[in-house]
Amino acid sequence: MRPTIQLVGLPSDSNSSFERGPALAPAAIRSALWSDRGNLACENGMEVGQDFDLTDRGDLPLRETADDDALIRTAISETLGAGAVPLALGGDHAMTHPVVQAVHAKHGPLTILHFDAHPDLYADFAGNPRSHASPFARIMEGGLARRLVQVGIRTLNRHCREQAARFGVEIVPLADFTPASVPVLEGPLYISIDLDGIDPSEAPGVSHPEPGGLTVREVLAVLRRQSAPVVGADIVELNPRFDHNDRTAILAAKLVRELAALIARNGA
Ligand code: MN
Ligand code: MN
């Protein structure tokens, strides 16, 4: 049976701390993904629909309440129960917590590879423990990950440095960065891509652009080196309001293809 990767749209930005807009992202990513502008080839030689199936659950009817987390957990559990690997399309980064909760419920403690300019480890942000600045604090407190490796971090303040030490988070230094700086991780592997981990010159359509980021080529090289089974993934924080000619949406669509091809290549 061919591997199946299922998109799950999570159009919510109610836990964003600064700008709204990521709720518009799933539609923008789908539009770029299925556009006749490009084809469905992936860099490892696989093709969407030929070597694996890429299905789409559509957008969840999120209502910007705390109930959204339960809705997300249920949908992700159903995707996993059907034998597909969920690839969640944010939305802001807050939803990585309920997505990881559901993946953990099936697979147990995860290894997480997290691309981001920000560590998202705040105990809470402006009083909101569900903030998009806090999902990895919730994940680590909940014992959902046995290992969290962060790549692209360039905004580490004292509080988050203390949180990282407390949780044993591994932050790959950006000084003298090469893709080989990132360890090849054991499974079950979960991959979370906050698009602001990539340099704003390549990914301008985000709420919190931070110069000095990763190149797309570096992100792809880090992904290609990973050989463990990938049991879930997300692409978050696209903000179409700030995009330039859809280039960040087009990038997000490419990352959908590349993540799906990695999931298919690495197998269960
Ligand atoms: Mn970020
Ligand atoms: Mn983030």
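The following refers to the structure shown. Not measured: the values here are computed from a predicted model.

1. Some details on the sheet that holds strand β8 (residues 230-236)
Across a sheet, strands are paired by hydrogen bonds formed along the backbone, either parallel or antiparallel in direction. What the eight strands build is an open sheet, ordered β2-β1-β3-β8-β7-β4-β5-β6; its pairing is parallel. Each edge of the sheet is formed by a strand with only one pairing partner; in this case those strands are β2 (53-59) and β6 (170-171). Relative to β8, strand β3 (residues 85-90) runs parallel, the two being bridged by three bridges. By the bridge assignment, alanine 88 is partnered in β8 with aspartate 234. Each of β4 (110-115) and β7 (189-194) touches helix α6 (residues 216-225); the most contacted strand, β4, lies at about 165° to it.

2. Topic: the packing of α6 against helix α7 (residues 247-266)
The geometry of α6 relative to α7 is characterised by a closest axis approach of 11 Å and an angle of 15° between their N-to-C directions. Accordingly, the angle class assigned to the pair α6 and α7 is roughly parallel. The way α6 lies across α7 gives a crossing that is right-handed. Every residue of α7 that contacts α6 at Val216, Val219, Leu220, Leu223 and Arg224 is listed here: Leu251, Lys254, Leu255, Glu258, Leu259, Leu262 and Arg265.

3. Brief notes about the coordination of the manganese ion (ligand 1)
Any two of four tetrahedral donors ideally make an angle of 109.5 degrees at the metal, while pairs among six octahedral donors ideally make 90 or 180 degrees. The protein atoms that coordinate the manganese ion (ligand 1) are Asp116 (OD), His118 (ND1), Asp194 (OD), Asp196 (OD) and Asp196 (OD), at distances of 2.1 to 2.5 Å. Donor residues for the manganese ion (ligand 1), ordered by position in the chain, follow D-x1-H-x75-D-x1-D. Distance-wise, the manganese ion (ligand 2) is placed 3.3 Å from the manganese ion (ligand 1), both being coordinated by aspartate 116. Look at aspartate 116 and you get buried, because its relative accessible area is 0%. Given the relative accessible area of 17%, histidine 118 is considered buried.

4. Looking at the environment of leucine 223
The topology assignment puts leucine 223 in helix α6. Residue leucine 223 is classed as buried on the basis of its relative accessible area, which comes to 3%. In this structure, the C-alpha to C-alpha distance between leucine 223 and glutamate 258, residues 35 residues apart in sequence, is 8.5 Å.

5. Comments concerning the pairing of β8
Note on strand geometry: in a regular strand, side chains alternate between the two faces of the sheet. Here β8 lies mainly inside the structure; seven of its seven residues are buried. Examined bridge by bridge, β7 and β8 share six bridges and lie parallel to one another. What sits directly across from isoleucine 191, in β8, is alanine 233.

6. Some points on the pattern of salt bridges
In the structure shown here, the tally under the stated rule is 13 salt bridges. Salt-bridge contacts for arginine 147 lead to glutamate 170; the nearest nitrogen and oxygen are separated by 2.7 Å. Of the two residues, arginine 147 sits in strand β5 (residues 145-151) while glutamate 170 sits in strand β6, which places them 23 residues apart along the sequence. In the salt-bridge network here, residues are joined through shared partners; they are Asp13, Arg20 and Glu64.

The rules behind each value
- Residues numbered from 1 in each chain as written.
- Chains lettered and ligands numbered in written order.
- Predicted model: local features only at pLDDT ≥ 70, side-chain atom pairs only at ≥ 80, totals over all residues.
- Heavy atoms only, no water.
- Pairing = 2+ DSSP bridges.
- Helix = DSSP H or I, 4+ residues; strand = E, 2+ residues; numbered from the N terminus.
- Contact = heavy atoms within 4.5 Å.
- Axes fitted to C-alpha atoms, helices over the stretch in contact; angles between N-to-C directions.
- Parallel < 35°, antiparallel > 145°, perpendicular 65-115°, else oblique.
- Left-handed = near helix turned anticlockwise from the far one by under 90°.
- Donors = N, O, S within 2.8 Å, 3.2 Å for Na, K, Ca; no water.
- Buried < 20%, exposed > 50% of the residue type's maximum accessible area, 1.4 Å probe, protein only.
- Salt bridge = Lys/Arg side-chain N within 4 Å of Asp/Glu carboxyl O.

This is a description of form; function is not addressed.
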